[in-house]
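# An overview of the molecular structure
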Amino acid sequence: MAAAGTKRPASDDADDDGSTQGSVQAKKAALDKAPATPTKKTEAAIPTNKTMPTDYSFIAATDEDRLKIVSFNVNSLPAACKKGFKEYVAAEDADIVCVQETKVNQAMMFLLSKKTYPHEYWHCSKTKKGYSGTAVFSKIKPLKTKYGLGDMDTEGRVITLEYASFFLVACYVPNAGEKLVRLDRRMQWDVAMAAHLAELEKTKPVVYTGDLNVAHHPVDLARPETNKRSAGFTIEERDGFTELLKGSSGVPRVDVFRALNPDARASGYTYFGYRANCREKAIGWRLDYFVVSQPLMPRVRDIFVRNQCYGASDHVPLVLLLKRDEEPAAESEEKSDVAKPEEKSDVAKSESKSE
């Protein structure tokens, strides 16, 4: 999984992202100076399993007033399904599941139960087969759905869904590539995404999630000193994420995990490369995020890195809990300026039958 542009750093030591919401400059400086290697004094050892659990009793039932959203880079959905992906999704029982790096060319029909997830949305790469791709499975019907990020996204990387009280932007951010050959494009992407989020925030707050392919601070990867020019930890990418967290119109955005877990190191890692026995050695990166518009923070109840759930992918799932709307708005039936998700799904069905 070290192919250029897919999201893996060039070095085996490189595992990606982490980001800290920039509330105070002193806090940012402290994170930058903090030692990167976790100690037993600050956090417990993380699991080292290389296959998915068979017992999910550690996943507690969710209170009825909580909305659960999952983000999971599956590093090939067909492969992940053979390694426990569907069993994990059933055990987690989230309201919304956002999947990145599906690597499929069309929707996988009947992947999950339609009774559980009646609304599903697929965005596949148009330029390269078996590459990139995102999908969202939802128990709740969104008001509107939009695919892509203008001319920047021809690889199936962004799905934007409007719900009653927030927008959900499910994203697989492009990697800067081997030898940083796509770093310029990555910088352009960051600017375009910041503008997209700002436009959405004119209407309602945003939940921005996915594999964002950046380790924001040295505490967000195991070996920062040897990865300063590795994709995902360049100063350009880190500064780009800092700018995104500044938000728009004076309203910042919050990296939820870092806000609630300011001292976490290895327990926050969401990616462990397959090579060099990275999982067993806890050589990881925090690449996967939930970033929310600051007005949503009072609704945040918790966030979990499911670090027990490794083996279906080289990533582990990330789970966000939000307080549900007290009085959910009625779902709108107005026409969108983009194709209805159901219409897109029908296209996928017809393409599947014809091939």
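It should be noted that the structure appears before, not after, this text.
The model shown is predicted, which means the values in this text are computed figures rather than measured ones.

## Structural notes on the nonpolar core
- In this structure, Phe166 and Val207 are the most contacted members of the largest nonpolar core, which totals 37 residues.
- Every element with two or more residues in this core is listed here: strand S1 (66-73), strand S2 (96-100), strand S6 (158-162), strand S7 (167-172), helix H6 (256-260), strand S10 (288-293), strand S11 (300-305) and strand S12 (318-323).
- Discounting residues that sit within four places of it in the chain, phenylalanine 166 has contacts with Leu67, Ile69, Leu161, Lys204, Pro205, Val207, Leu296, Arg299 and Leu322.

## Structural notes on the packing of aromatic side chains
- In total, this model carries nine aromatic pairs according to the counting rule given.
- Their ring planes at 45° and their centres at 5.8 Å tell us that tyrosine 56 and phenylalanine 58 sit as a pair that is tilted.
- The class of tyrosine 56 is buried, set by a relative accessible area of 13%.
- Residue class for phenylalanine 58 comes out partly exposed when judged on its relative accessible area of 29%.
- Seen from their ring centres, tyrosine 56 and tyrosine 88 are 6.2 Å apart, and the 55° between their planes marks the pair as tilted. Note that tyrosine 56 is positioned in the loop between helix H1 (25-33) and S1 and tyrosine 88 in helix H3 (residues 85-92), a separation of 32 residues in sequence.
- The class for tyrosine 88 is buried, based on a relative accessible area of 2%.

## Some thoughts on the sheet that holds S2
- Read from one edge to the other, the open sheet built from six strands follows the order S3-S4-S2-S1-S12-S11, with strand pairing classed as mixed. Strands with a single pairing partner mark the edges of an open sheet, and in this sheet they are strand S3 (119-123) and S11. Direction aside, the axes of adjacent strands within the sheet are offset by 10° on average.
- Pairing analysis gives five bridges linking S1 to S2, with the strands arranged parallel. The partner of phenylalanine 72 across the bridge, within S2, is valine 99.
- Lying on the sheet, H3 is in contact with S1, S2 and S12; it crosses S1 at an angle near 165°.

## Brief notes about the packing of helix H4 (residues 183-201) against helix H5 (residues 235-245)
- It is at 10 Å that the axes of H4 and H5 come closest, and there the two elements cross at 5°. Between H4 and H5, the interaxial angle falls into the category roughly parallel. Residue-level inspection shows Leu183, Arg186, Met187, Asp190, Met193, Ala194 and Leu197 of H4 in contact with H5, the latter providing Glu236, Glu237, Gly240 and Leu244.
- When its residues are assigned to classes, the contact of H4 with H5 shows six nonpolar, one polar and four charged.

Parameters and conventions
Residues numbered from 1 in each chain as written. Predicted model: local features only at pLDDT ≥ 70, side-chain atom pairs only at ≥ 80, totals over all residues. Heavy atoms only, no water. Core = buried A, V, L, I, M, F, W, Y, C linked by side-chain atoms within 4.5 Å. Buried < 20%, exposed > 50% of the residue type's maximum accessible area, 1.4 Å probe, protein only. Helix = DSSP H or I, 4+ residues; strand = E, 2+ residues; numbered from the N terminus. Contact = heavy atoms within 4.5 Å. Phe/Tyr/Trp six-rings, centres within 6.5 Å; stacked < 30°, edge-to-face > 60°. Pairing = 2+ DSSP bridges. Axes fitted to C-alpha atoms, helices over the stretch in contact; angles between N-to-C directions. Parallel < 35°, antiparallel > 145°, perpendicular 65-115°, else oblique. Nonpolar A, V, L, I, M, F, W, Y, C, P; charged D, E, K, R; others polar.

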